[in-house]
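# Chain and residue survey
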Amino acid sequence: GRSPFVRYDFDLPRADYVLPLSLGQTITLCCLDESDNIVEGNFYTFKEDTGTFSIVLPEKNEEETEYDIGADRAKFAHV
């Protein structure tokens, strides 16, 4: 069946880079929204491989996502 989550995959600047995160540590991701405001959120990585990492977020509308994961992460997820 269809999952209620969506996986976002990110490449690191070099294929041999790794994220030096210990169990339970988060990564902060930042971007600009359509109004050039900085949007950021702290996320647990879902999968880490050399040169890449992934996060998983619920696939819902912004209001439902905000309720589930918090305002900062919900804004980032919908940019």
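Residues numbered from 1 in each chain as written. Predicted model: local features only at pLDDT ≥ 70, side-chain atom pairs only at ≥ 80, totals over all residues. Heavy atoms only, no water.

### Points about the sheet that holds strand β1 (residues 5–11)
Reading across the sheet, the 3 strands line up as β1-β5-β4 and stay open at both edges, with antiparallel pairing between neighbours. The sheet terminates laterally at β1 and β4 (47–49), the two strands that pair on one side only. Strand-to-strand twist of the sheet, defined as the mean angle between neighbouring strand axes without regard to direction, takes the value 15°. Pairing between β1 and strand β5 (residues 52–58): 7 bridges, direction antiparallel. Bridge pairing in β5 links Val-6 to Leu-57. (Pairing = 2+ DSSP bridges. Helix = DSSP H or I, 4+ residues; strand = E, 2+ residues; numbered from the N terminus. Axes fitted to C-alpha atoms, helices over the stretch in contact; angles between N-to-C directions.)

### Comments concerning the packing of aromatic side chains
As enumerated under the stated definition, the model contains 1 aromatic pair in all. Here Phe-10 and Phe-53 contribute two aromatic rings whose centre-to-centre distance is 5.0 Å and whose plane-to-plane angle is 15°, an arrangement assigned as stacked. Of this pair, Phe-10 sits in strand β1 while Phe-53 sits in strand β5, placing them 43 residues apart in sequence. Taking relative accessible area as the criterion, Phe-53 reaches 5% and is therefore assigned buried. (Phe/Tyr/Trp six-rings, centres within 6.5 Å; stacked < 30°, edge-to-face > 60°. Buried < 20%, exposed > 50% of the residue type's maximum accessible area, 1.4 Å probe, protein only.)

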